[in-house]
Amino acid sequence: MYAGPISRLIAELSRLPGIGQRTAQRLAFHILRSPEDQAFALADAIREVKEKVGLCEVCSNLSEGPRCQICTDERRDRSSICVVEEPADVIPIERTGEYRGLYHVLGGALSPIDGIDPEDLKIAELIGRVDEGGIEEVVLATNPTTTGEATAQHIADRLAGKTKVTRLASGLPVGADLEHADEVTIGKALAGRRSLSGD
Amino acid sequence: MIASLEARGYRNLAGELSLSIDPHLTVFHGLNGAGKTNLLDALHFGLTGASMRSGAIKNAIGFESDSARVEVEFSDKTGTMHKTLASLDRSGQRRNLVDGAAPTASVPLPRVALFHPDHLQTIKGPPAHRRALADQVAGSLSPSQTDLRARYGRTLAQRNAQLRRVRAGELPVTELEVWDSRLASEAAPLVASRRDAIEILAPHFREAAITLGLTEPGIAYKTRVGGDEESIRLRLAELRTEDPGRAYVMYGPHLDDLHVEAEGRPLKQFGSQGQQRAAVLALLLGERSALAGAGRESPILLLDDVMSELDPRRRELLIGAAVAGGQVVVTATDLSQVPSEGFAPTSTSYRVEAGRIDAGADSPPLAEAV
Ligand SMILES: Nc1ncnc2c1ncn2[C@@H]1O[C@H](COP(=O)(O)OP(=O)(O)O)[C@@H](O)[C@H]1O
Ligand SMILES: [Mg+2]
Ligand SMILES: [Zn+2]
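Residues numbered from 1 in each chain as written. Chains lettered and ligands numbered in written order. Predicted model: local features only at pLDDT ≥ 70, side-chain atom pairs only at ≥ 80, totals over all residues.

Novice: Lay out the site of ligand 1 with the relevant residues and their values.
Specialist: Residue and element names in this part refer to chain B. Residues in close proximity to ligand 1 total 16 residues, the closest being R11, N12, K36, T37 and N38. Here the shell around ligand 1 gets three residues from one element, more than from any other, and that element is helix α1 (residues 36-48). Looking at side-chain class alone, the shell around ligand 1 contains four nonpolar, ten polar and two charged residues. (Near = placed C-beta within 6 Å. Helix = DSSP H or I, 4+ residues; strand = E, 2+ residues; numbered from the N terminus. Nonpolar A, V, L, I, M, F, W, Y, C, P; charged D, E, K, R; others polar.)

Novice: Hey, could you go over the sheet that holds strand β8 (residues 218-222) of chain B for me, with residue numbers and the actual values?
Specialist: In sheet architecture, strand pairing relies on hydrogen bonds along the backbone and comes in two forms, parallel and antiparallel. All names here are of chain B. Pairing within the open sheet is antiparallel, and its three strands lie in the order β8-β9-β10. Taken across any chain shown, the strands that pair with only one partner, and hence form the sheet edges, are β8 and β10 (265-266). Its contacts with the sheet put helix α3 (residues 127-141) on β8 and β9 (257-262), and the angle it makes with β9 is roughly 95°. With respect to the sheet, helix α5 (residues 177-211) is in contact with β8 and β9, its orientation differing from that of β8 by roughly 170°. (Pairing = 2+ DSSP bridges. Contact = placed C-beta atoms within 7 Å. Axes fitted to C-alpha atoms, helices over the stretch in contact; angles between N-to-C directions.)

Novice: Describe the interface of chain B and chain A, with residues and values.
Specialist: With 13 residues of chain B at the interface, the matching set in chain A holds eleven residues. Put simply, the parts of the chain that give the side of chain B that touches chain A at least two residues each are α4 (148-167) and α5 of chain B. A per-element tally of the side of chain B that touches chain A places α4 of chain B first, with eight residues. Taken together, the residues of the side of chain B that touches chain A sort by class into four nonpolar, four polar and five charged.

Novice: Quick rundown of unusual backbone geometry? Include the residues and the values.
Specialist: Residues and elements named next belong to chain B. The backbone phi angle of E216 is positive, close to 45°, even though this residue is not glycine. Summarising the element assignment, E216 is placed in the loop between α5 and β8. Unlike most non-glycine residues, E263 shows phi in positive territory, near 50°. Within the fold, E263 resides in the loop between β9 and β10.

Novice: Before we move on, can you summarise the domain arrangement of chain A with the specific residues and values?
Specialist: Examined at the domain level, chain A breaks down into domain 1 (4-52) and domain 2 (75-197). The C-alpha-based centres of domain 1 of chain A and domain 2 of chain A are spaced at 34 Å. (Domains from an automatic or database assignment.)

Novice: Before we move on, can you summarise the nonpolar core with the specific residues and values?
Specialist: Counting 82 residues, the largest nonpolar core has A279 and A282 of chain B as the members making the most contacts within it. Among the elements that make up this core, the one with the highest residue count is helix α9 (residues 273-293) of chain B (ten residues). For A282 of chain B, the residues in contact, after removing those within four places along its chain, are F205, A208, A209, L212, L214 and P217 of chain B. If you look at the next biggest cluster of nonpolar residues, it comprises 47 residues, including C56 and I135 of chain A together with L183 and A188 of chain B. (Core = buried A, V, L, I, M, F, W, Y, C linked by C-beta atoms within 7 Å. Buried ≥ 20, exposed ≤ 12 C-beta atoms within 10 Å, placed from the backbone.)

Quick look at the structure:
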């Protein structure tokens, strides 16, 4: 339909989540018409993010080096770990300013339908961190969805007797993703977290 | 309260149709195939974005049109007017707007309750229909409970996916524990919400059913799931360890049922067509009166093709009870089948012919532009 490079760009863009064929076309023509430096800046940013950003070796959050900014920040409280599904879930919790501990990013949630088992998530790594000692509380902040709740339950069971495990209070709208909840709500949910197992 | 309907390109409705909806009783009458059901469907589409007929939504676009567009004007509790717009075209573009913007919780749309002869399935059909009814009533009485059913369903699907893998020998049976525990957490509130909803509905159902001529009518919620979250969890654990076979899969609110009966016998097995119809109508009327009792707004009741099946006395009783519960729109082949004088404070009737409102007849002011 279009010349090779254009249809290639449309094909690549339409692979992005939430971008259909129509939107991909619009974006492609927008890029085509935009000034050269802007278009190249976009291309460079995509390249750079893939080359420079990896996962933190401790918490699996996004990181430019082997360890992320939060894990290397001396002022953070090293006795608590907040467990989230995705790196995007760290941002809204940080924005509340209520939490000063460390994180652990699982990289998803348990889902038998999709064949996602505990081994497919960074759960063993989390247990390893707790086993190293010094952790007084693990806050489970997986999403209040079917899969997020099951993941929280699984982790709580495995950490039972090792440390105190709490779950974000259900101030979050049921089924809502952390990523889309507002700061006040997440702040309240953090303040009202309930215990899933004693220490 | 719904004030008016405008439609263009919707099914067989011709031209730019615009008519007012009576605060109490609106009647569409005309020959078979005139477009009476299509008018109800247009209202349904305007308020919900979905057709009440099954099949692809694109089938709702008029044969001669490229797009369909319906607008419904309504007032909220405070009397402020709002307008919905629902549209679709042949390329698949759809829009659902309220006051020209995306719908928000701050302007709740009027709800719709529908009687259609197919709805006898609620009584005659498999239990899934009645569970859906129980959940719908629970959700309408208490909107925060609307998603309990879907949450339980998603958890059950995950649990069963895990069970398949256990049975295939891919995982040890202990890998079911987490999912059973989640299932118990989702089952308990679902069972409680169904029980509460049917308890609230029962007296209203009984009253409406007696009005419509049923003897000793009753409705009861039947579940094998008893007790709280913890006892459900324990029961699942027992079944799982004893034998993760049939009994295990057959335990849970996904197997609940409602017993609807008259004269001490279930209408599903023993009811005549007429009794079953009366029960379905009584469920609709009962739900509306339960909502009114709970201080919630009553849904607009759309009654399609029901009049011809009832004797004159039943028609009067039905219309009387329906109008007492809120706004009603009825279709009939003959206007004389719908008692209005003395049964509704006000009423408006439209004669429908070949997708048009016949202006010559009994209809009050209406605009049917070119
Ligand atoms: N998308 C459509 N476009 C045009 N006509 C349609 C469409 N869908 C259904 N119809 C026609 O509408 C007529 C039926 O109208 P309906 O409202 O069911 O009649 P009734 O007055 O008996 O309730 C049928 O003749 C059917 O062919
Ligand atoms: Mg009809
Ligand atoms: Zn880190």
